[in-house]
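Chain and residue survey
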Amino acid sequence: MRQDITPSRTSPSPRRNRAAVFAGVALTLILALSACGGGAGGTGGGGANKAIESLRVAAAFMPTSLDADSTNINDIYTNYQVAAQYMGTLVRIRPDEGSGESLTYARDLRPELAESVTPGADGHTFTLRQTTSAAGNPLTSEDVKWSVERMVANESVAMLLLSVANVDLKNPVTVKDEKTFTINTTGPSTLLLPILENAALGILDSVEAKKHATADDPWAREWLKTNVASYGPYTVDKFDPGNEVTLKGHTGYWSGAPKIKSVTVRNVPDAAGRAQLLQSGSVDLDMGVPPVEWKALEKNSGIKTVAMESPSALQIWINTTKAPMSNVQARRAVATAIDKQDIANGLFPGVAKAALECTAATVPVSGFENAIPATGDREAAKALAAGAGLDKPLRMIYNSATNVFSESAARFVQDQLKQAGIAVELQAFATQAEYQAAMDKREWDLNLGLQSLFINHPLYELKMFLTGKSSLNIPAYDNKAFADLVDKALAADGAEAESLTRQACELAINEDVPMTVLMHSPYTIAVDKNVPGVRSYPYDRISIVDLG
């Protein structure tokens, strides 16, 4: 039976246990049962409900390309917050009546450009809404087909996500008619709907993009670096690569023009500078507030601070290929010695939380319980270390430039391990290139870093970062039984997927310990209280179309 999704308001869907909705089928049911808002924006967590038409944003980033599926690694990491504002996706995180202050994944996964979806064993069939791009071209199944084929040709983030979701890369989309198409998979797919929320998988206006394609550039990559052709709530008015972008509301957006008609995002790398601009009234939104600025902004009565439960976590990856950490007893000794709660309290008191889950995802794995308490167990760690060959100092590397927590976290870990009789020598790297080179040499024992997930789902991290031979598998964890469990979970749904995922987590995190997740790293913003509709999103971004 087709599962219809209509844009009319209905009664809010009941609150659900997030653990019960982590699987792909449950996500599909949410698409069927949850209604969408009748217009952009909403009323929510902001202070005064004062209508505003323009928004000034200070951010710690700015891409050099507008292509949401860029082949440049730097733009991939800097553009996801901006691209999320102008790319139209088939589904996305979207508040509805009853959503409350904090949105969660996957309860608040809503239809976007899709109007209905029918899940199947070999793919999902979608029906599109009636809507047009900023260029005035209607959204069709051919746009979806061209966009997905472009993703495959780009061989970048989108193709990687499609492959993890078991999409048939040789024949990804079958067009049924102008508004109906099937995304083909090689079997059941738990992750198909979750990946489609990512801006890198946004749908392009193929009619407009093809006008700027050439024989040497059939996918219009050069033009899309500085131009936008999509069906999202905003389009780009002005773009100064690396410095500033101005967005304007798309009047033809399927649910109506955004309430905030103009958005200017400026690159202000200095955190103190961003905070000062907000407090002086020069900007309305500060995207990315570190602990040192948080307290002052929190005390300001005219400013609202929001800590978002994002799929980012401070982790220690353990080199499973090099003695003594190739010994599982040594890995367990290190993990058991760490007091995660102490680290969270020390790094971002009252905001950061100790990680009890098996991955950085905010979606819990049903039934999983971490075998090591959040406060650690020093005595147990000492006993484990005694016979594990930990008589020489371990080498822990980290990047001191890209993560505000890394330097302090490294000192915490070094001190905690020392109390368990495990000596650690720290080595910091000031650039990502130097850090990457050190990782590739694999002369380290411990590697402290921030794991930020493109897809907020535990299976995504388990598959992408703990299986296979690529550099993404930082611990070089190699356990066929674990990999088989993950692959089976990815092809299952419902209770079966939950059970398989739990088993995979128990095998890796509780038994083999190739890594330990220390602390969930919140995404923190501060906003003028006159901006209504502010909520906590389960991603490292905020959706501007929902403000105003």
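Residues numbered from 1 in each chain as written. Predicted model: local features only at pLDDT ≥ 70, side-chain atom pairs only at ≥ 80, totals over all residues. Heavy atoms only, no water.

**Observations concerning the overall build of the protein**
What the protein contains, in helices and strands, is 17 helices and 20 strands. Computed over the C-alpha atoms, the radius of gyration of the protein is 23 Å, within 12% of the 24 Å expected from 2.2 N^0.38 for a compact globule of 548 residues. Looking at the protein as a whole, 59% of its 548 residues are labelled buried. Summed over its atoms, the accessible surface of the protein is roughly 20600 Å², and 50% of this surface lies on carbon and sulfur atoms. In the protein, 51 side chains carry a positive charge and 61 a negative one; their mean positions are 3 Å apart. (Helix = DSSP H or I, 4+ residues; strand = E, 2+ residues; numbered from the N terminus. Rg over C-alpha atoms; globule rule 2.2 N^0.38 Å. Buried < 20%, exposed > 50% of the residue type's maximum accessible area, 1.4 Å probe, protein only. Areas by Shrake-Rupley, 256 points an atom, 1.4 Å probe, with all protein chains shown as cover. Lys, Arg positive; Asp, Glu negative; His and termini not counted. Charge placed at Lys NZ, Arg CZ, Asp CG, Glu CD.)

**Points about the confidence of the model for the protein**
Mean pLDDT over the protein works out to 88, with 90% of the residues at or above the 70 mark. In this model residues 1-48 is a low-confidence stretch, pLDDT under 50, and it forms 150 contacts with partners more than four residues away in sequence or in other chains. (pLDDT = per-residue confidence, 0-100. Contact = heavy atoms within 4.5 Å.)

**A short note on the pattern of salt bridges**
Scanning the entire structure with this criterion turns up 22 salt bridges. Of the charged contacts, one joins Arg 110 and Asp 108 as a salt bridge, the two residues approaching to 3.0 Å between their closest N and O atoms. When sorted by exposure, Arg 110 lands in the same class as Asp 108, which is buried. One salt-bridge network, in which partners are shared between bridges, spans Arg 92, Arg 94, Glu 112 and Asp 546. (Salt bridge = Lys/Arg side-chain N within 4 Å of Asp/Glu carboxyl O.)

**So, the sheet that holds strand β17 (residues 424-429)**
Taken together, the six strands give an open sheet; going across it, the order is β15-β19-β14-β18-β16-β17, and neighbouring strands pair in mixed fashion. Each edge of the open sheet is held by one strand with a lone partner, namely β15 (353-354) and β17. Note that strand β16 (residues 394-399) and strand β18 (residues 446-452) share three bridges and pair parallel. Bridge pairing in β18 places Met 396 opposite Leu 446. Contacting β14 (312-318), β16, β17 and β18, helix α14 (residues 432-441) runs over the sheet at an angle of about 150° to β16. (Pairing = 2+ DSSP bridges. Axes fitted to C-alpha atoms, helices over the stretch in contact; angles between N-to-C directions.)

**A short note on the sheet that holds strand β10 (residues 244-249)**
Ordered by their spatial adjacency, seven strands build an open sheet running β9-β10-β11-β2-β12-β20-β13, and the pairing between neighbours is mixed. Edge strands, defined here as strands with exactly one partner in the open sheet, are β9 (234-240) and β13 (303-308). Going across the sheet, the axis of each strand differs from the next one's by a mean of 20°, ignoring polarity. Relative to strand β20 (residues 523-528), β13 is paired through six bridges, and the arrangement is antiparallel. Across the sheet, Thr 305 pairs through a bridge with Ala 526, a residue of β20. Contacts from helix α8 (residues 271-279) reach β2 (54-59), β11 (262-267), β12 (285-287), β13 and β20, with the element oriented near 165° to β12. In the packing of helix α9 (residues 291-299) onto the sheet, contacts are made with β12, β13 and β20, and the angle to β13 comes to roughly 135°.

**Side note on the packing of aromatic side chains**
Under the counting rule described, the total for this entry stands at seven aromatic pairs. A ring pair is formed by Phe 348 and Phe 405, whose centres lie 6.1 Å apart and whose planes are at 45°; its orientation type is tilted. Of this pair, Phe 348 sits in the loop between α11 (340-347) and β15 while Phe 405 sits in the loop between β16 and α13 (406-419), and the two are 57 residues apart along the sequence. Given the relative accessible area of 3%, Phe 348 is considered buried. Taken together, a centroid distance of 6.0 Å and an interplanar angle of 85° make the contact between Tyr 460 and Phe 465 edge-to-face. Take Phe 465: its relative accessible area is 13%, and that puts it in the buried class. Among the aromatic residues, those joined into a ring-pair cluster are Trp 294, Phe 348 and Phe 405. The ring of Tyr 539 carries Arg 541 above its face, with NZ or CZ at 4.5 Å from the centroid. (Phe/Tyr/Trp six-rings, centres within 6.5 Å; stacked < 30°, edge-to-face > 60°. Lys NZ or Arg CZ within 6 Å of the ring centre and 35° of its normal.)

**A word on the pairing of β10**
Strand residues, when the strand is regular, have side chains that alternate between the two faces of the sheet. Of the strand pairs in this sheet, β9 and β10 are connected by six bridges, and their pairing is antiparallel. Following the sheet pairing, Lys 238 is matched in β10 by Thr 246. Counted between consecutive antiparallel strands, the loop separating β9 from β10 contains three residues, among which Gly 242 sits at a positive phi close to 85°. Alignment of β10 against β11, held across five bridges, turns out to be antiparallel.

**A word on the layout of surface pockets**
Looking at the second largest pocket, its volume works out to about 230 Å³. Looking at the second largest pocket, it is lined by 17 residues, and the ones nearest its centre are Ala 307, Met 308, Glu 309, Lys 353 and Ser 536. Among the residues forming the lining of the second largest pocket, the class breakdown is eight nonpolar, six polar and three charged. (1 Å grid on protein atoms, 1.4 Å probe; cavity = no way out; pocket = protein on both sides within 12 Å on 5 of 7 lines; lining within 4 Å. Points joined across faces, edges and corners; volume = space filled by probe spheres on them. Nonpolar A, V, L, I, M, F, W, Y, C, P; charged D, E, K, R; others polar.)

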